[in-house]
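Geometric and topological summary
Each chain, written out:
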Amino acid sequence: MAKWLRVIAAFGLAVLCWEVILSFVSGRSSGYLKLANLGVVARPGTIIEAREGFAVSHINSHYTRGAEFDIEDKSKQRVLVLGDSYSMAAQVSEEETFERVTESLFAGHGQSNVQVINAGQFGKGPAYYLSYGKGWADWLQPQFVVIQLNEGDFTSDFYDKGKDAYVKRSGNELSIALNPKKQSRFANLLPRLSILTRAEYIWQEHTGSGKPASAKKKTPPSSFAEEARWFMQQAKAAFPHVAVVYVPTMDYHNEETLNELPLLEVSLREAAQAEGVPYVDMRPQYAQHYHETKQPCHGFNNTHLGSGHINGYGHRLLGEALYALLNPLLKP
Amino acid sequence: MAFSSIQYVLFFTLLLTLMKVVKSEETKKWILLGMSYLFYGFWDVRFVLLLAGMSVGNYYFGQRIHLAEDPKQRKRWVMLGVTANLSVLGFFKYFNFFLASLSSLLGGKELGHLHIILPVAISFITFEVISYIVDIYRGTSEPAKDFREVALLVAFFPHLIAGPILRPKQFFPELRHPIVVTGENLLRGGQFFLLGLVKKVLIADRLSMFVDEVYQHPLHYSAATLWLAVIAYGIQIFCDFSGYSDMAIGSAKCLGLEIPPNFTMPYISKNITEFWRRWHISLSSWLRDYLYISLGGNRKGKVRQYINLMLVMLLGGLWHGASWSFMVWGGMHGLGLVVHKLWTEGVGKRVPENALLRGVSWLMTMVFVCITWVFFRITDFSAATQVVRKMFFMGDTTGIGWTYSSLLILLPFVVAAHIVGVKHGSKLRLNLATFGGLFCLFFILLALLLWSPSQPAPFIYFQF
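So, on to the overall build of chain B. Across its full length, chain B holds 19 helices and zero strands. Scaling as 2.2 N^0.38, a compact globule of 464 residues should have a C-alpha radius of gyration of about 23 Å, and chain B matches this with 23 Å. The dimensions of chain B, computed from C-alpha atoms along their principal axes, are 65 × 65 × 55 Å. Burial status across chain B gives 54% buried among its 464 residues. Considering only contacts in chain B between residues 6 or more positions apart, those separated by 24 or more positions represent 75%. Entry remark: accessible area of chain B is about 20300 Å², with carbon and sulfur atoms responsible for 69%. For chain B, the separation between the mean place of its 41 positive charges and that of its 25 negative charges on side chains is 6 Å.

Residue position: E173 of chain A is located in strand β10 (residues 173-178). Considering only alpha carbons, one finds E173 of chain A and W230 of chain A, 57 residues apart in sequence, at a separation of 9.6 Å.

Residues and elements named next belong to chain A. A sheet is described by the order of its strands in space; here three strands give the open sequence β1-β4-β5, paired in antiparallel fashion. Two strands close off the open sheet at either side, each with one partner strand: β1 (27-28) and β5 (55-59). When β1 meets strand β4 (residues 45-49), the two strands line up antiparallel, connected through two bridges. Its bridge partner lying in β4, R28 is registered against I48.

Next up on the list: the interface of chain A and chain B. Between chain A and chain B, the residue contacts involve 30 residues of the former and 27 residues of the latter. Across the chain A/chain B interface, buried area totals approximately 2700 Å², and carbon plus sulfur atoms make up 68% of it. The three residues of chain A that bury the most area against chain B are W18, H253 and N301 of chain A, which together make up 26% of that side's buried surface. Our count for the chain A to chain B interface comes out at zero salt bridges. Every element with two or more residues in the side of chain A that touches chain B is listed here: α1 (2-25) and α6 (194-207) of chain A.

This paragraph deals with the nonpolar core. Among the nonpolar cores identified, the biggest contains 185 residues, and Y286 of chain A together with L32, L255 and W373 of chain B are the most heavily contacted of them. In terms of residues, this core owes the most to one element, helix α10 (residues 223-254) of chain B, which gives 16 residues. Both domain 1 (6-179) and domain 2 (184-463) of chain B contribute no fewer than three residues apiece to this core. Sequence-distant contacts of L32 of chain B, that is, excluding residues within four places in its chain, are made with L15, M19, L152, F156, F157, I179, L255 and L257 of chain B.

Residue and element names in this part refer to chain A. Applying the stated criterion to the full structure yields 27 salt bridges over all chains. Its salt-bridge partner being R283, residue E265 comes within 2.7 Å of it at the nearest N-O pair. Taken together, the residues E265 in helix α9 (residues 263-275) and R283 in helix α10 (residues 283-293) connect sequence positions 18 residues apart. We classify E265 as buried; its relative accessible area is 2%.

Moving on, we get to the packing of aromatic side chains. Residues and elements named next belong to chain B. Enumeration over the complete set of coordinates arrives at 62 aromatic pairs over all chains. Look at F47 and F92: their rings are 5.9 Å apart centre to centre, the planes differ by 90°, and that puts the pair in the edge-to-face class. With F47 in helix α3 (residues 47-67) and F92 in helix α4 (residues 71-105), this pair connects stretches of sequence that are 45 residues apart. As far as the burial class goes, F47 and F92 line up, both buried.

This part takes up the sheet that holds strand β6 (residues 77-82) of chain A. Residue and element names in this part refer to chain A. Strands sit in the order β7-β6-β8-β11-β12 across an open sheet of five strands; the sheet is parallel. Each edge of the sheet is formed by a strand with only one pairing partner; in this case those strands are β7 (114-118) and β12 (279-281). Shown here is a sheet whose adjacent strand axes are inclined to one another by a mean of 20°, direction ignored. With three bridges joining them, strand β11 (residues 242-247) and β12 adopt parallel strand pairing. The residue of β12 that forms the bridge with V244 is Y279.

The next point concerns the packing of helix α5 (residues 122-138) of chain B against helix α12 (residues 281-292) of chain B. Residues and elements named next belong to chain B. Look at α5 against α12: their axes get within 11 Å of each other, and the N-to-C directions meet at 40°. Accordingly, the angle class assigned to the pair α5 and α12 is oblique. Crossing handedness for the pair α5 and α12: left-handed. Together, F127, I130, S131, V134, D135 and R138 of α5 and L283, W286, L287, D289 and Y290 of α12 make up the contact between the two elements. Split into classes, the residues belonging to the contact of α5 with α12 amount to seven nonpolar, one polar and three charged.

Glancing now at the environment of M1 of chain B. All names here are of chain B. Within the element layout of this structure, M1 appears in the segment before α1 (6-21). Looking at M1, the relative accessible area reads 9%, which means it is buried. Once residues lying within four places of it in the same chain are set aside, the contact partners of M1 are Q7, Y8, F11, F39, F42 and W43.

With that settled, consider the pairing of strand β3 (residues 39-42) of chain A. Here is the key point about a regular strand: its side chains alternate between the two faces of the sheet. Residues and elements named next belong to chain A. Two elements, strand β2 (residues 32-35) and β3, share four bridges in a ladder whose sense is antiparallel. For L35, the partnering residue across the bridge sits in β3 and is G39. Count of turn residues in the β2/β3 antiparallel hairpin: three residues.

Turning our eyes to something else, we now look at the side chain of K253 of chain B. Position of K253 of chain B relative to the elements: it lies in helix α10. Setting aside residues no more than four positions away along its own chain, K253 of chain B makes contact with N185, R188, G189, F192 and E258 of chain B.

This next bit is on the domain arrangement of chain B. All names here are of chain B. Parsing chain B into structural domains produces domain 1 (6-179) and domain 2 (184-463). Distance from the C-alpha centre of domain 1 to the C-alpha centre of domain 2: 25 Å. Each partner contributes residues to the interface: domain 1 has 37 residues there, and domain 2 has 34 residues. Looking at the side of domain 1 facing domain 2, the largest losses of area belong to F97, F127 and P164, adding up to 19% of the total buried there. Taken together, the links from domain 1 to domain 2 amount to one salt bridge. When the shortest N-O distance is used, the salt bridge between R167 and D289 registers 2.9 Å. Remark: the boundary between domain 1 and domain 2 carries 12 residue pairs in polar contact (both at pLDDT 80 or more). Looking at the side of domain 1 that touches domain 2, the elements with two or more residues in it are α1, α4, α5, α7 (157-160) and α8 (168-175). Considering every element that reaches the side of domain 1 that touches domain 2, the biggest residue donor is α5, with eight residues.

Attention now goes to the packing of helix α13 (residues 302-320) of chain B against helix α14 (residues 324-345) of chain B. All names here are of chain B. Relative to each other, α13 and α14 sit at 150°, their axes nearing to 7 Å. On the basis of their axis angle, the class for α13 and α14 is roughly antiparallel. In the packing of α13 onto α14, the handedness of the crossing is right-handed.

What counts, and where the lines are drawn
Residues numbered from 1 in each chain as written. Chains lettered and ligands numbered in written order. Predicted model: local features only at pLDDT ≥ 70, side-chain atom pairs only at ≥ 80, totals over all residues. Heavy atoms only, no water. Helix = DSSP H or I, 4+ residues; strand = E, 2+ residues; numbered from the N terminus. Rg over C-alpha atoms; globule rule 2.2 N^0.38 Å. Buried < 20%, exposed > 50% of the residue type's maximum accessible area, 1.4 Å probe, protein only. Contact = heavy atoms within 4.5 Å. Areas by Shrake-Rupley, 256 points an atom, 1.4 Å probe, with all protein chains shown as cover. Lys, Arg positive; Asp, Glu negative; His and termini not counted. Charge placed at Lys NZ, Arg CZ, Asp CG, Glu CD. Pairing = 2+ DSSP bridges. Buried area = accessible area lost by both parts, 1.4 Å probe. Salt bridge = Lys/Arg side-chain N within 4 Å of Asp/Glu carboxyl O. Core = buried A, V, L, I, M, F, W, Y, C linked by side-chain atoms within 4.5 Å. Domains from an automatic or database assignment. Phe/Tyr/Trp six-rings, centres within 6.5 Å; stacked < 30°, edge-to-face > 60°. Axes fitted to C-alpha atoms, helices over the stretch in contact; angles between N-to-C directions. Parallel < 35°, antiparallel > 145°, perpendicular 65-115°, else oblique. Left-handed = near helix turned anticlockwise from the far one by under 90°. Nonpolar A, V, L, I, M, F, W, Y, C, P; charged D, E, K, R; others polar. Polar contact = N/O pair within 3.5 Å; in protein donor to acceptor, adjacent residues only side chain to side chain.

Spelled out as structure tokens, the structure:
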């Protein structure tokens, strides 16, 4: 009996030690909530990201990253940023996120009343921004909405039925469908333990179950023109004042082709022009930065420098570009 | 079937069960041979025949050498045996290389190219069978009692793919002991295996994520990043290869068989001679016993000794792979050994040894070893030269600056693995009867489960 107790106690202590270690070296989640108007969002609390970069994020009571704010404060000009993990930016510190960079640039130019709200949520896609995005806008009443897009939004997330919102095609018609799947009762509890978050991550890595259904098929569309045009039309219809920023994926080892726009980016640029949606593709800025400094805007020292999420350089340049885009559009 | 795979766990469990259930020692050894062939067949079933053929051939050569009474006849048989074995290796590994080299010597004349699949571990196997027949010829070892002993010397699965290179003198007595699977054996072997797994999965595979990325486009990175990548590769190859050796030793220990160690803290070496006494010991001692001594060693004067050293290391380099950069790697080590010999026999004798000198010697040895790894890792000689030039700030040194943080985090673990690898047999051992021992075991198992990279890198030495 004593022998088995010793075994159990030793195992328990080892698990406890790893829980503590993992919360700092792997990460910690605050858990998730499914809300009727916002879909699945990060629960208020602390998120530690350590697998890629290292940063501590605080999710406030409005389910957005950053300090608490008063929703009734009418003196603020609010810019709502809808996006995925690139916007949430859990890999970098709060001050480094492009939302804070833009906000501080406005403040530096005498517009300290401009508040840029980081509503980025992990794993979201275009259909989410167009559906639940309206829920965010109705709730937070922004003067301007910025939608952040990236390659995965169109190559894997667009039609992915595993997302809480996705695009459905019937004939030539595209429409948004919401995923009726209910959140597991345990989903709110389990992700809080780092050891379980890590185990889930390993399971997904080994089985590929974390990848979107369309990514597994590996059949990239031959044209994005229809999807891009539809998205811009819907964005314009959903939000009276909207802009789109695109964070490209870059192959820094092919420096000569860094400035060449892939098919998707051409389609998005043309669609934005046709629909009159202010649009910024970060490719030229990121390419120029790499030409000048040899430092990629993607990746971190603890992962692959050059791939993955954007790093501090990427956020700074995106923040500056967003400021340049919004400055003429927001009244002082 | 890599040691760090789930297939191996199933394979080994099955083998242990059979060894536990079967009572006859004869049957156990046949099972061991059959399972070793099965293990090899996992890579390419066609080459199991080659493995068996080499065993039959060398068993025959061994018998003929042993039975021949005339020394000339004995010599003829050993020459024939060595030539036959080297021909097999030469055909599979070097045929296309020599063809390509000859083609460039003839000013690019097209000489064709054969599509030859390299049988896994052919270099290790060839050296083992050569040592078998040469030892009989020299009278330092008795011939095998039966064919099965030679077949197991070649095919015994723990060492089959990447060594250590076994010697008949050491291994045959082991085979003549009963194979006993006891709790004590499992405990001892299991801990060695676990140590190897930690080195491979937690250190080598994690560093490969950085090393592979940088070496894919080395000239895109800054000089400082190249230095980090070179150091990381030095650690990676040590943990990968010594990890494999530990797992091989551990697997053999579980069956009650002993395999000699292949590494004894190589990165504490203070000179290149010491490095080769500590690094890949089974290869360096093989090269010494069968090549260096056969060439005359140090018996024919100083100049000849230095030439012999260079030749041995050049061929040692070529043993690793059919490419000029492996030759350069071997040549650099040969030169290092010659320079060290000259130093110790000349100026070194008059310099009093102190801590500063030891520190400088260690640093110089490590820098030298790391630079030679560049030629080992990059098979394109001119690309490797460009990397070394950039590392020494010759030309453009700019590029992506990547300070891979895991390298710094892993350093204490590398030091620990270095020490534990050597002390494990004697002092450091987990006592699973205590709370502390159990805690350490669970902690390590959880580390392997939670912290192993999702895409394990193949063992580096599998390619040889």
